Amino acid sequence: MNGTSRTSRKNKSKVKQQNKNRSNGKQNSNHYNGQQNTNSSISKKQQAMLNAPVKLGDEVLVTIHGIGSSGEGVGRVEDFTVFVPFALPGETVKVSITMVKKTYATGRLLEIVTMAPNRIDASCDLYGFCGGCQLQHITYEGQLSLKTQKVKDVIERIGHQNPDLVKPTLGPKNPWAYRNKMQMPVGGTKGDIQMGFYAMGSHDIVQGTNCPIQSEGNNSIAQACYQIAKEFDIEPYDEHTGKGILRHVIGRIGQSGWMIILVTATEHLPHQEKWVEKLTERIPQVETIVHNVNGKRTNVILGPKNNILYGDGTITDHIKDLRFTLSPHSFFQVNPEQTTVLYDQALAYADLKGNETVIDAYCGTGTISLFLAHKAKHVIGIEIVEPAIINARENARRNGYDNTEFIVADAAVEMPKLYKAGVRPDVIVFDPIRAGCKEEVLTSAAGMEPKRIVYVSCNPATMARDIEILTHYGYELKEVQPVDMFPMTAHVEAVALLTRKEVTQ
């Protein structure tokens, strides 16, 4: 476990000292502070906050009984919910209340009075400052258990299904160094450039070029780019003023080689020839270097324009025997090992025999579609993003699949069209964004009466909501398999199998 198996038994003053600097406890002057409102027309919301058993700045003891969607501990004070980042189920903690809302409060962890047996010391020096990880303070076995329970909770509470249908979360052999893509913001000032990670809940940059969940290749790219930017005295971008040059450094690790993307706010990258010379000298694994231009004042990282400085602007990666060519804008799963686990589970639930028609709604670049096409007679992929469909068609051609059809459309519009046209697939696969499926998609899918629906989800809460809807249209939840794609974080993905009740019977 990369040195993380040691149990934390350090004195409680360390917790206090660490939390003084943690940004999750920042106070916002706009938050209601529980003081009496002199205005006679007090709102119901303000009245509820006045009646809350905790007030801003209170120090209270909280017993943690669960885990929240962002990995924070969840407890209660007089039946009033309090969220406490870095607290674990089973712990009693001393908390300073940092925000009070109508139905809940948040608190900053001051002291662990009763410690959970699976608490450990985080292995990363930036943990608690950088916002990338939320669960390094618990053993990996404990993380898997928490993620399983998280899926069980939403399946029961939101989906109104039997939580025993949720299987234990599948994790990797090694939960470290798994990310094949790195995106580091650049900030600071000319002469004092900063590069690293966003602090929790903000766009403040925490300086650092080594991340234990990144592949070693990406850490090498980050360190080299940071040093070269300092050598050339590159002016960093200031998102507040919109001035400056270098905005982000991106690394992608493929099986054919590595890609480096330098994102600037300007059309010109200073010393671009020297960038190429130094990067290829220091990192021989680099296959291509791209200068991306993003002049808009936006949180979107990549702009539309790419200038290829070295190589052909692409790298190649694989999922099992499928080969994918990746450009700077290509979507690809960041955890190759667990992607195989996730897709194998989806394929197993699809239970294809060779004669089936399958619809892959929200197909993206066609990764799941091609897994299905290996065993299906015909696969129809639907995706609203046209460049993704272009990539899907190229991926199908490159891998020799002529039994696929990819449609550029909103699934909420296209699914009803296919239904009215008489398309009746044997299996439908959903892999939507975090918001889940629109109801028109679900009702159209149910109307097509496929034998099986396979739901791949990056947000089990919205998946549970959609499962509950599908049960009203004749489908029965058979099983849910959580898969840990992002160890050390609060995220968990899941695959669910639903079958038509008539078929089940």
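Calculation criteria
Residues numbered from 1 in each chain as written. Predicted model: local features only at pLDDT ≥ 70, side-chain atom pairs only at ≥ 80, totals over all residues. Heavy atoms only, no water. Pairing = 2+ DSSP bridges. Helix = DSSP H or I, 4+ residues; strand = E, 2+ residues; numbered from the N terminus. Axes fitted to C-alpha atoms, helices over the stretch in contact; angles between N-to-C directions. Contact = heavy atoms within 4.5 Å. Core = buried A, V, L, I, M, F, W, Y, C linked by side-chain atoms within 4.5 Å. Buried < 20%, exposed > 50% of the residue type's maximum accessible area, 1.4 Å probe, protein only. 1 Å grid on protein atoms, 1.4 Å probe; cavity = no way out; pocket = protein on both sides within 12 Å on 5 of 7 lines; lining within 4 Å. Points joined across faces, edges and corners; volume = space filled by probe spheres on them. Nonpolar A, V, L, I, M, F, W, Y, C, P; charged D, E, K, R; others polar. Polar contact = N/O pair within 3.5 Å; in protein donor to acceptor, adjacent residues only side chain to side chain.

Draft legend 1. A look at the sheet that holds strand β6 (residues 181-189). A sheet is described by the order of its strands in space; here seven strands give the open sequence β8-β7-β6-β9-β10-β11-β12, paired in mixed fashion. At either end of the open sheet lies a strand with only one pairing partner, and these are β8 (205-207) and β12 (305-310). Sheet twist, expressed as the mean angle between neighbouring strand axes with direction ignored, is 35°. Pairing of β6 with strand β9 (residues 246-253), which is carried by five bridges, proceeds in the antiparallel orientation. Paired with M182 across the bridge in β9 is G251. Running at roughly 150° to β9, helix α4 (residues 216-231) makes contact with β6, β7 (192-198), β8, β9 and β10 (258-264) of the sheet.

Draft legend 2. View of the nonpolar core. W275 and V454 are the most contacted members of the largest nonpolar core, which has 106 residues in total. Examining the composition of this core, we find that seven residues originate from one element, α4, more than from any other. Of all hydrophobic cores here, the second largest spans 38 residues; its members include I359, I407, V423 and I428.

Draft legend 3. View of empty space enclosed by the protein. If you walk through the whole model with that rule in mind, you get four cavities of 30 Å³ or more. Residue lining of the largest cavity: I67, G68, G71, L135, L146, K147, K150 and A490, and that is the complete set. Broken down by element, the residue count for the lining of the largest cavity peaks at three residues, all from helix α3 (residues 140-157). A per-class count over the lining of the largest cavity returns four nonpolar, two polar and two charged.

Draft legend 4. Representation of the pairing of strand β18 (residues 427-430) in the model. Of the two faces of β18, the one carrying V427 and V429 and the one carrying I428 and F430 are both buried. Both strand β15 (residues 357-361) and β18 contribute to a ladder of four bridges, which runs parallel. Bridge pairing in β18 places I359 opposite I428. As paired strands, β18 and strand β19 (residues 452-457) are joined by four bridges and run parallel to one another.

Draft legend 5. Structural context of the side chain of T471. Residue position: T471 is located in helix α11 (residues 460-471). Of the residues examined, T471 reaches a relative accessible area of 19% and is grouped as buried. Among the polar contacts listed, one links the side chain of T471 to the backbone oxygen of E468, at a separation of 2.6 Å.

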